[in-house]
Amino acid sequence: MRKVAIVGAGLSKFGERWDASFRDLIFEASSMALEDAKMEGSDLQAIYGGTMAPGRLIGQEHVGALIADQLGLTPIASTRVEAACASGSVALRNAYFAIASGMYDIVAVGGVEKMTEVSTEEVSFALGGAGDQEWELFLGATFPAIYALMAKRHMLDFGTTEEQMASVSVKNHKNASKNKFAQYQNEITIQDVMDSSPVASPLKLLDCSPITDGAAAVILCSEERARKFTDTPVQIIGSGQASDALALANRKSMTEIAATKEAARQALHQAKLTIKDVQVAEVHDCFSIAEILAIEDLGICKKGEGGKFTEDGHTALNSKISVNTSGGLKGCGHPVGATGVKQAVEIYWQLQGRANGRQVKGAEIGLTQNVGGSGATAVVNVYKRMD
Amino acid sequence: MKNAIPLIWRRIPERYALMGTVCENCKTEYFPKRMFCAKCRRKGRVVEKQMPDEGKIFSFSEVHVAPTGHESEAPYFLAIIELKNGVRLMSQIVDSEKEKIKFGSPVKMMFRKITEDDHDGTIAYGYKFKVV
Ligand SMILES: [Zn+2]
């Protein structure tokens, strides 16, 4: 296995981008990433693109080739990867393998979702496909409802409160207010979350990540050639992925995402590190409870203590560990296929000291945790700046 | 698509009568049906077995924002039910007083309409549970 590093990163502005098409979003993020790496498109040898549901959201499949064409990069190989909300991270992992294996030296990774072209009901149906269509969605389940069932059980087993869950959204909005790419630039209060409209008890509107248009891109390169493009490449030092049942009822536990634990175990083992070595983490807060589960399952705090840990401010910017400095899915937005790649972009900036206004002091080791569906796929990557 | 007639027909034993499977080798029960036992793999022998129609509420949520096809039911209760044999499944809770929908409340299966397709009027039936 060869060492692999990120040498460039880019994002589109996240939000309700009525001005931009699927193609425009990809162009925004990828041209920024190429410019960042001071690289020509002709340097790229392959593309991996993560996107969850373009067929339902814009009526377009076969987007691998579409991306290559739109970026003027034909005839290089371009592969679309789908793993629900973890599509971006799985695309990144495949690009990592492609370089680590020696097959390619320079590969672009993109993540994109254009979600505002159809009605909210249609978006919900498309996202519902991340769960079990025949045994969850058919019965009237929605994604918020599935996470609500986990939240409710977490409250029973561990005494987690709605205010503690709300503190996740409050923190992430605060971080987002310092990120110009984020969908939301406004801070919110615990009371705002508590007063927001009920979606699926105990989850309210401000416990839920929004519908977002957006794209993210990173350029991966073999270690040998990485310094040609940047003085401070960020190496992927561990990468784990795990699967579980699509349907919540078929999992062993409802108060943990077992796939996160397994992916983290793999990634940290490869990196020869423990979670204590990580200063900055981007985790999958599609719902407030999801960030609580994530920090517990990653071992940042003990099982059951994630709510209190967040409420006590230990995951705020420059506290014990800075979690979701980008604003997370809640504050920055959640264009599902783009999210995993956006997490890598944020860690890249943090480890290079370029996260203006939200820089984590002394960030050496970063981690991303990206979940597909309600936990059927999880990807954890660990990153280190190459000095 | 959700209500494609062959799909409705194929799922009748499971959705109407909670027909699942059991592995005769390790006795693990599965709902919905599984083609093989994940624990025993090739050594297992999976046969049909009806699940108990009673259990208790393991977790629940009151759904206010309903998906397409369920709008008229909102708000409604969705739950994870733990059946008497320990197998869990997702179901709506109906015909029950709100105060009685709690962790551990005993529930029993009911036969109900689940969804109706807007386009061709196909109606899909299946299980919902009620607090007893
Ligand atoms: Zn068996």
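What this report covers is the structure whose coordinates are included nearby.

Conventions we followed
- Residues numbered from 1 in each chain as written.
- Chains lettered and ligands numbered in written order.
- Predicted model: local features only at pLDDT ≥ 70, side-chain atom pairs only at ≥ 80, totals over all residues.
- Heavy atoms only, no water.
- Helix = DSSP H or I, 4+ residues; strand = E, 2+ residues; numbered from the N terminus.
- Buried < 20%, exposed > 50% of the residue type's maximum accessible area, 1.4 Å probe, protein only.
- Areas by Shrake-Rupley, 256 points an atom, 1.4 Å probe, with all protein chains shown as cover.
- Lys, Arg positive; Asp, Glu negative; His and termini not counted.
- Charge placed at Lys NZ, Arg CZ, Asp CG, Glu CD.
- Rg over C-alpha atoms; globule rule 2.2 N^0.38 Å.
- Contact = heavy atoms within 4.5 Å.
- Buried area = accessible area lost by both parts, 1.4 Å probe.
- Salt bridge = Lys/Arg side-chain N within 4 Å of Asp/Glu carboxyl O.
- Polar contact = N/O pair within 3.5 Å; in protein donor to acceptor, adjacent residues only side chain to side chain.
- Pairing = 2+ DSSP bridges.
- Donors = N, O, S within 2.8 Å, 3.2 Å for Na, K, Ca; no water.
- Tetrahedral: all angles 85-135°; square planar, octahedral: opposite > 155°, others 65-115°.
- Phe/Tyr/Trp six-rings, centres within 6.5 Å; stacked < 30°, edge-to-face > 60°.
- Patch = residues over 30% accessible without salt bridge, like charges linked within 9 Å, V, L, I, M, F, W, Y side chains within 5 Å.

Right, let's get into the overall build of chain B. The secondary structure content of chain B amounts to two helices and eight strands. Across chain B, helices and strands are ordered from the amino to the carboxyl terminus as α-α-β-β-β-β-β-β-β-β. Projected onto its principal axes, the C-alpha positions of chain B cover 45 × 40 × 20 Å. Within chain B, buried positions represent 47% of all 132 residues. Roughly 7,100 Å² of accessible area belongs to chain B as shown, and the carbon and sulfur atoms make up 54% of that amount. Between the mean site of the 24 positive side-chain charges and the mean site of the 17 negative ones, chain B shows a separation of 10 Å.

This part takes up the overall build of chain A. Counting its regular elements, chain A contains 14 helices and 12 strands. What you see for chain A is a C-alpha radius of gyration of 19 Å, in line with the 21 Å of a compact globule of 387 residues. A principal-axis box enclosing the C-alpha atoms of chain A has dimensions of 55 × 45 × 40 Å. When burial is assessed residue by residue, chain A has 65% of its 387 residues classed as buried. Across chain A, contacts joining residues at least 24 apart in sequence account for 77% of those joining residues at least 6 apart. When the accessible area of chain A is evaluated, it comes to approximately 13,100 Å², of which 51% is carbon and sulfur surface. Distance between charge centroids for chain A: 6 Å, based on 37 positive and 45 negative side chains.

This part is about the interface of chain B and chain A. Taken together, the contacts link 36 residues of chain B with 30 residues of chain A. With both sides pooled, the region where chain B packs onto chain A buries about 2,900 Å², and carbon together with sulfur makes up 65% of that total. Residues E134(A) and R11(B) are paired through a salt bridge, measuring 2.4 Å at the closest nitrogen-oxygen approach. Along the contact surface separating chain B from chain A lie 14 residue pairs in polar contact (both at pLDDT 80 or more).

Applying the stated rule across the entire model yields 33 salt bridges over all chains. Notably, a salt bridge pairs D105(A) with R2(A), separated by 3.0 Å at the nearest N-O pair. Of this pair, D105(A) sits in the loop between α4 (87-100) and β4 (106-113) while R2(A) sits in the segment before β1 (4-11), placing them 103 residues apart in sequence. Notably, a salt bridge pairs K56(B) with E82(B), separated by 3.5 Å at the nearest N-O pair. One end of the pair, K56(B), is in strand β4 (residues 54-63); the other, E82(B), is in strand β5 (residues 76-83), with 26 residues separating them in the sequence.

Residues and elements named next belong to chain B. With antiparallel pairing, the three strands of this open sheet are ordered in space as β2-β1-β3. For this open sheet the edge positions go to β2 (29-30) and β3 (46-50), each flanked by a neighbour on one side alone. By the bridge criterion, two bridges tie strand β1 (residues 19-23) to β2 in an arrangement that is antiparallel. Bridge pairing in β2 links T21 to Y30.

Now for the coordination of the zinc ion. Residues and elements named next belong to chain B. Protein coordination at the zinc ion: the donors are C23 (SG), C26 (SG), C37 (SG) and C40 (SG), at 2.2 to 2.3 Å from the metal. Its four donor atoms give the zinc ion angles of 101 to 117° at the centre, a pattern that matches the tetrahedral case. Here the donor residues for the zinc ion map to a single chain with the spacing C-x2-C-x10-C-x2-C. Using a relative accessible area of 0% as the deciding quantity, one classes C23 as buried.

Listing the buried residues of helix α5 (residues 120-128) of chain A in full gives V123(A), A126(A) and G128(A). Buried residues belonging to α5(A) abut α2 (54-57) and α6 (143-158) of chain A.

Here the structure, examined in full by the defined rule, presents 11 aromatic pairs over all chains. Between the aromatic rings of Y96(A) and F97(A), the centroid separation amounts to 5.9 Å while the plane-to-plane angle is 40°, which identifies the pairing as tilted. Under the relative-accessibility criterion, Y96(A) is labelled buried at 7%. Taken together, a centroid distance of 6.4 Å and an interplanar angle of 45° make the contact between F60(B) and F77(B) tilted. Of this pair, F60(B) sits in strand β4 while F77(B) sits in strand β5; the two residues are 17 residues apart in sequence, bridging distant segments of the chain.

Before going further, it helps to spend a moment on a negative patch on the surface. The grouping of E121(A), E122(A), E71(B) and D118(B) at the surface amounts to a negative patch. Tracing the backbone through its elements, the reader meets E122(A) in helix α5. Judged by its relative accessible area of 43%, E122(A) is partly exposed.

Keep in mind these values describe shape, not function.
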